[in-house]
Amino acid sequence: MLSMVSEQSPQLPYLGHNGRELGLMLRGTKPLAYFLNFVPREFDVNIRYWRMFDRHVAAGRLIRRELVEVPHRRLLYALPDHEWRIDAMLALLNELEAWSEDHERRSCELLGYESWQIDYWLAHRRLRADA
């Protein structure tokens, strides 16, 4: 599930978005950010990071949607013209039991990765799975 986000590898020939989401979004190069945490354990750890996003939500530069389904808390931020990506990502996440490479590709597209990055990521995952 959303492995490109959660499994960064130094072998990738590009920088992943982890930890860089806000800057990429403010530059307009990342249309959607998705965070999944366990309630309440991880909430306090990341709250300062999310507050940086929330300042931009208050200014109208980002849109935020939060869903809490214990034990998970999902935060999604989108650029104003890309709010549809939030709904598309949530629809994908509702299909976790049937998660496939197509789901992985679509989630990476929604998050703003380029096609070549997604192709590389999927090939890298296949090689790791076969090893």
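Structure shown above.
A quick note: this is a predicted structure, and the numbers were derived from the prediction, not measured.

Just give me the short version of the overall build of the protein chain, but keep the residues and values in it.
In terms of regular secondary structure, the protein chain is built from six helices and three strands. Seen in sequence order, the protein chain has helices and strands lined up from the N terminus as α-α-β-α-β-β-α-α-α. For the protein chain, buried positions account for 40% of its 131 residues. If you take every contact in the protein chain between residues at least 6 apart in sequence, the share linking residues at least 24 apart comes to 56%. When the accessible area of the protein chain is evaluated, it comes to approximately 7500 Å², of which 52% is carbon and sulfur surface.

Just give me the short version of the packing of helix H4 (residues 84-93) against helix H5 (residues 101-111), but keep the residues and values in it.
In contact at an axis separation of 10 Å, H4 and H5 are set at 160° when each is read in the N-to-C sense. Classified by the angle between their axes, H4 and H5 sit roughly antiparallel to one another. Seen from above, H4 lies across H5 with left-handed handedness. For the pair H4 and H5, the contacting residues are Trp84, Arg85, Ala88, Met89 and Leu92 in the first and His103, Arg106, Ser107, Glu109, Leu110 and Leu111 in the second. Of the residues contributing to the contact of H4 with H5, the split by class is six nonpolar, two polar and three charged.

Explain the pairing of strand E3 (residues 72-78) to me, using residue names and the numbers behind them.
Most of E3 is tucked away: six of the seven residues are buried. Relative to E3, strand E1 (residues 32-38) runs antiparallel, the two being bridged by seven bridges. Bridge pairing in E3 links Tyr34 to Leu76. Here strand E2 (residues 63-69) pairs with E3 via seven bridges, running antiparallel. Its bridge partner being in E3, Glu66 is matched across the sheet by Leu75. Taking the residues between adjacent antiparallel strands as the criterion, E2 and E3 are bridged by two residues.

Lay out the pattern of salt bridges in plain terms, naming residues and giving numbers.
Considering all chains together, one arrives at nine salt bridges under this definition. Close ionic contact of Arg64 with Glu66 constitutes a salt bridge, the shortest N to O distance being 2.8 Å. Overall, the relative accessible area of 29% leaves Arg64 in the partly exposed class. Classification of Glu66 as partly exposed rests on a relative accessible area of 37%. We note a salt bridge from Arg106 to Glu109, for which the minimum N-O separation is 3.5 Å. Placement of both Arg106 and Glu109 in helix H5 is noted, with a separation of three residues, approximately one turn of the helix.

Calculation criteria
Residues numbered from 1 in each chain as written. Predicted model: local features only at pLDDT ≥ 70, side-chain atom pairs only at ≥ 80, totals over all residues. Heavy atoms only, no water. Helix = DSSP H or I, 4+ residues; strand = E, 2+ residues; numbered from the N terminus. Buried < 20%, exposed > 50% of the residue type's maximum accessible area, 1.4 Å probe, protein only. Contact = heavy atoms within 4.5 Å. Areas by Shrake-Rupley, 256 points an atom, 1.4 Å probe, with all protein chains shown as cover. Axes fitted to C-alpha atoms, helices over the stretch in contact; angles between N-to-C directions. Parallel < 35°, antiparallel > 145°, perpendicular 65-115°, else oblique. Left-handed = near helix turned anticlockwise from the far one by under 90°. Nonpolar A, V, L, I, M, F, W, Y, C, P; charged D, E, K, R; others polar. Pairing = 2+ DSSP bridges. Salt bridge = Lys/Arg side-chain N within 4 Å of Asp/Glu carboxyl O.

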